[in-house]
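# Understanding the architecture of this molecule
Each chain, letter by letter, is given below.
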Amino acid sequence: MSDQNQNEKDTSSTVDAVVIGAGFSGLYLAHKLQELGLNFRGFEAGPGVGGTWQWNRYPGARTDSLSKIYAYTFSKELTAEWTWTERYPSQAEVLAYLEHVADRFDLRQHFTFNTAVERADYDEESNEWLVQSANGEVTRSRFLLTAVGLLSAPNLPPFKGIEQFRGKWAHSARWPKEGIDLTGKKVAVVGTGSTGIQIIPAIADSVAELTVFQRTPNYVVPAQNRLLTTEEQEEPKKHFESLKRQVREHPFAMAFEAPGRNAIDVSEDERQKVFEEAWDKGGFHFLFESFDDLSVNRESNEYACDFIRSKIADVVEDSATAELLSPRGYPYGSKRPPAGTNYYETFNKPNVHIVDVSSDPIVEITPTGLRTTSESFDFDTIIFATGFDASTGSVTRIDIRGRSGESLAEKWKHGPLTNLGYSTAGFPNLLMATGPLSPFANIPTCSEETVDWIVDCIKYMQENGHATIESTPNAEAEWAEHVSDVAHQSLTAEGEKVNTWFAGANIEGKAHAINVYFGGANDYFARGRASADAGYKGFTLT
Ligand code: NA7
């Protein structure tokens, strides 16, 4: 199937719903609206389906969630016919999966590709959204449904002089489809978040020299990626129902059991043993299957930090490099915990160098490289793995105007206000899948649950003759406060001092406010259902 627009019909139209985005949420939304028989149109800025997995084509890109749960669960048949090859599927494999889903459920026909939605204005008189897309079309729609993802508006810090760089540069989340030939090149990677941590080992062997510019060291647990055994490949098919249930009952929507022990309560030997086992299992196993108290007890968290630092010291041969790579002064888990593959080992290679830019920042991109306050460097290629304007950025980069022309970006300038991530007062019938203040947890599960909620809500409105839905101002103020309180009751909020995107702290000028819910995806799903069962409590229906 090609990446071209499959649907050239409907140039200027009136529809029941506009869907923005064709990633995990947008595709499932299209499937559900199709089932409901709604007249709708989808717009996707990218050249094809896939969302995140269309854009993030950088070397080494793969999930940090196990493949068995990084998938839809709405169709047993779909699960039965798809077989993952690795524990953590690569970008190419997830994209192939989403392309398969799009074809299998005939979803491409609804989307206009290569077409970003730029603006949407609510017209009170007609109770319609006027949705302007980059191709100049205006679509009138009753519902405006965003499925734009949590981490999809790239953040390129405003480095002076970038336009004068004579080599090639790319942001990781806008990696060209044809790739970038890095063979034998002098390459810089700026950023050591989850993305930089995947890129660095993936390119180290092919480049001539690799220089990593690190501002904050991260606690990197090995992913322990490998090919799946046949038995493991069968697991999601064989245990479809129980796995589906299990992820919905876990606070991070993952197939883990709570370990039932605290790091603070066990002996030093026992602690080491548990950490070693969890380290060997890899990735999120370390945080979620070792001890229950790592995110809430400072001493327990420090045990985990010590363990990771000891691993860094064991692996990294040069002690000064090991020290630079060792995070200190902030809790494990208060920045999004990354998973690596040979991450620390890569720094033992003679062609890989690390530069600490925490106190000697990058001040300028020069025609031949970059300059920190104290030193200049020459490069052929610069890779910016500098993250995203997370949670709100993907929504507010669209100029959305509610009642009386109120701008959503302006409304959220001190932090997002939504009821359960779905809706914000003053913007009737704007409904957001995985919207700001919804949980940060296994995304496909959150996509499914939030889309189900939205489509059930539309059905309810149809059946009961309601014209609009929007959050009440009280409910969204209470929810934002609750989201903040929950994060501050754990160690998570401390990531703010090391620029976590959880708190909007990674973007210059962005309000520091917790923008994702850490009270548990399971708790969140239950709250959404309870509100719906109570006739959409916390929302005004007209
Ligand atoms: P992240 O996790 O936001 O990481 C961005 C990295 O870029 C991080 O190391 C930043 O350092 C660094 N950065 C940002 N601006 C600068 C400047 N000006 N100078 C030097 N370094 C800078 O983004 P990722 O793409 O890695 O991951 C995002 C999410 O995608 C991840 O959480 C997963 O959920 C998937 P800092 O730490 O701010 O000091």
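Here, the structure is the one placed above.
## Digging into the pattern of salt bridges
Close approach of charged atoms allows side chains with opposite charge to pair. For the coordinates displayed, the defined rule picks out 33 salt bridges. Across the pair glutamate 449 and arginine 248 runs a salt bridge whose closest N-O atoms are separated by 2.7 Å. Pair noted here: glutamate 449 is in helix α15 (residues 443-464) and arginine 248 is in helix α7 (residues 240-249), with a separation of 201 residues, a long-range link. For glutamate 449, a relative accessible area of 12% puts it in the buried group. By relative accessible area, which is 17% here, arginine 248 ends up buried. Salt bridges here are not isolated pairs; linked through shared partners, they connect Arg119, Asp121, Asp399 and Arg401.

## A closer look at the sheet that holds strand β9 (residues 209-214)
Strand order in the open sheet made by the 5 strands is β7-β16-β8-β9-β12, with parallel pairing throughout. Looking at which strands have only one partner, the edges of the open sheet turn out to be β7 (168-171) and β12 (352-356). This sheet shows a mean twist of 15 degrees between the axes of neighbouring strands, independent of strand direction. Both β9 and β12 contribute to a ladder of 5 bridges, which runs parallel. By the bridge assignment, threonine 211 is partnered in β12 with histidine 353. Relative to the sheet, helix α5 (residues 194-203) contacts β8 (186-190), β9 and β16 (381-384), its axis offset from that of β8 by approximately 165 degrees.

## Focus on the sheet that holds strand β15 (residues 376-378)
Spatial ordering of the open sheet is given by β13-β14-β15, a layout of 3 strands whose pairing is antiparallel. Both edges of this open sheet fall to β13 (362-366) and β15, since each of them pairs with a single strand only. Within the sheet, the average angular offset between the axes of one strand and its neighbour, ignoring direction, is 20 degrees.

## Description of the site of the ligand
The full set close to the ligand counts 21 residues, and Thr192, Thr195, Arg215, Thr216 and Lys335 are the nearest of them. In this structure, an oxygen atom belonging to the ligand sits 3.4 Å away from a main-chain N or O atom of glycine 193. Here the ligand, which alone exposes 780 Å², has 88% of that area covered by the protein. Of the residues in the shell around the ligand, the class split is 9 nonpolar, 9 polar and 3 charged.

## Here's the deal with the pairing of β8
Within β8, 4 of the 5 residues are buried, which leaves the element mostly enclosed by the surrounding structure. As paired elements, β8 and β9 share 5 bridges and run parallel to each other. Paired with lysine 186 across the two strands is glutamate 209, which belongs to β9. Since β8 and β9 lie parallel, the crossover through α5 that links them has a hand, and here it is right-handed. Note that β8 and β16 share 4 bridges and pair parallel. Residue pairing for β16: valine 187 is matched across the bridge by threonine 381.

## Comments concerning the environment of phenylalanine 307
Here phenylalanine 307 lies in helix α10 (residues 298-315). Excluding its chain neighbours within four sequence positions, the residues that come into contact with phenylalanine 307 are Gln272, Phe275, Glu276, Trp279 and Phe286.

## Considering the pairing of strand β6 (residues 138-146)
Each regular strand shows side chains that alternate between the opposite faces of the sheet. Sheet topology note: the strand β1 (residues 14-20)/β6 ladder contains 6 bridges and is parallel. Residue threonine 14 lies in a different strand from β6, and its bridge partner there is arginine 140. Sheet topology note: the strand β5 (residues 128-133)/β6 ladder contains 4 bridges and is antiparallel. Among the inter-strand pairings, valine 131 is bridged to a residue of β6, identified as threonine 139. Taken together, β5 and the strand that follows it, β6, pair antiparallel across an intervening segment of 4 residues, in which glycine 136 is found at a positive phi of about 90 degrees.

## Things to note about the environment of phenylalanine 159
Along the chain, the position of phenylalanine 159 falls in the loop between β6 and β7. In this structure, the C-alpha to C-alpha distance between phenylalanine 159 and isoleucine 362, residues 203 residues apart in sequence, is 7.9 Å. Other than its neighbours up to four places away in sequence, phenylalanine 159 contacts Ile362, Ile365 and Phe384.

Cut-offs used in this document
- Residues numbered from 1 in each chain as written.
- Predicted model: local features only at pLDDT ≥ 70, side-chain atom pairs only at ≥ 80, totals over all residues.
- Heavy atoms only, no water.
- Salt bridge = Lys/Arg side-chain N within 4 Å of Asp/Glu carboxyl O.
- Helix = DSSP H or I, 4+ residues; strand = E, 2+ residues; numbered from the N terminus.
- Buried < 20%, exposed > 50% of the residue type's maximum accessible area, 1.4 Å probe, protein only.
- Pairing = 2+ DSSP bridges.
- Axes fitted to C-alpha atoms, helices over the stretch in contact; angles between N-to-C directions.
- Contact = heavy atoms within 4.5 Å.
- Near = heavy atom within 4 Å.
- Polar contact = N/O pair within 3.5 Å; in protein donor to acceptor, adjacent residues only side chain to side chain.
- Areas by Shrake-Rupley, 256 points an atom, 1.4 Å probe, with all protein chains shown as cover.
- Nonpolar A, V, L, I, M, F, W, Y, C, P; charged D, E, K, R; others polar.
- Right-handed = clockwise from strand over helix to strand, strands pointing away.

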